[in-house]
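# Breakdown of the fold
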Amino acid sequence: MGRDTVEHVGGTPAVEVRQAVGADEPGVRACVDAAYAPYVERMGKPPAPMLDDYTNLINSGVVYIATLDDRLVGLIVLWPKEDHLYIDNVAVLPEAQGAGVGAALLGFADAHAQQAGLNEIRLYTNEKMTENIEYYPKKGYRETHRASDAGYQRVYYSRFLDPQQT
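Presented here is a report on the structure given in the accompanying data block. What you see is a predicted model, and the numbers here were worked out from it, not measured in a lab.

Turning to the overall build of the protein chain, a few remarks are in order. From N to C terminus, the protein chain includes four helices and eight strands. Counted from the first residue to the last, the protein chain has its helices and strands arranged as β-β-α-α-β-β-β-α-β-α-β-β. When the 166 residues of the protein chain are sorted by exposure, 45% land in the buried category. Looking at the protein chain alone, contacts between residues at least 24 apart form 58% of all its contacts between residues at least 6 apart.

Below, the structure is given as structure tokens:
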């Protein structure tokens, strides 16, 4: 996938989403650390995305970054599975939250799923990330279940895309 541009209403600059390359790794790591740092105390340990190997993920071609005025402001880690697109991580710099970056990344995931011929997207969040538990339903995701996995209490979501669009 190449570069996608998402225009925002009200003259706000466009968020561009593109596949990450090796040189993006320090910015990716900094974004993840900044986005998830507030949850460390709440969870009592680093959230799982803070422990990921971003060099390997970038080299695997599954990391996409969002830029605003050529500055990395967010990222999404995703890949197709047999019957759905799996989102492993969405991270947005705290100072860019509320500016439509998360929505642009989720829109990118929709387009990615459609291009792969998939009509379902799945993701999860930690139950202590209450902001996400409120956010994802507003974006059309429905909670499917809750479970403990890898020592984390997770809330799982699914979203079906309009079949007319896939």
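The next subject is the packing of aromatic side chains. Remark: the centre distance and the inter-plane angle together describe each pair of aromatic rings, the angle taken between the planes. For the structure shown, the criterion picks out eight aromatic pairs. Where Trp79 meets Tyr86, the ring centres are 5.0 Å apart and the plane angle is 55°; that geometry is what we call tilted. According to the relative accessible area criterion, Trp79 is partly exposed, its value standing at 25%. Through a chain of ring-to-ring contacts, three or more aromatic side chains come together here, namely Trp79, Tyr86, Tyr124 and Tyr156. Geometry around Tyr86 places Lys81 over its ring, the cationic atom sitting 5.1 Å from the centre. In this arrangement the basic side chain of Arg159 is found over the ring face of Tyr141, its NZ or CZ atom lying 5.9 Å from the centre.

Along helix α4 (residues 130-138), the positions that sit buried rather than exposed are Asn132, Ile133 and Tyr136. In a view along the axis of α4, the buried residues occupy a sector of 105°, so they form one face of it. With respect to the buried face of α4, the exposed residues turned more than 90 degrees away are Glu134 and Lys138. Tucked into the core, α4 has its buried residues touching α1 (25-43), β5 (85-92), α3 (101-115), β6 (120-126), β7 (142-149) and β8 (152-160). Downstream of α4 by one or two residues, Gly140 has phi in the positive range, about 95°.

Thresholds applied
- Residues numbered from 1 in each chain as written.
- Predicted model: local features only at pLDDT ≥ 70, side-chain atom pairs only at ≥ 80, totals over all residues.
- Heavy atoms only, no water.
- Helix = DSSP H or I, 4+ residues; strand = E, 2+ residues; numbered from the N terminus.
- Buried < 20%, exposed > 50% of the residue type's maximum accessible area, 1.4 Å probe, protein only.
- Contact = heavy atoms within 4.5 Å.
- Phe/Tyr/Trp six-rings, centres within 6.5 Å; stacked < 30°, edge-to-face > 60°.
- Lys NZ or Arg CZ within 6 Å of the ring centre and 35° of its normal.
- Arc of directions from axis to C-beta.

Such coordinate-based values are descriptive only and should not be taken to indicate function.
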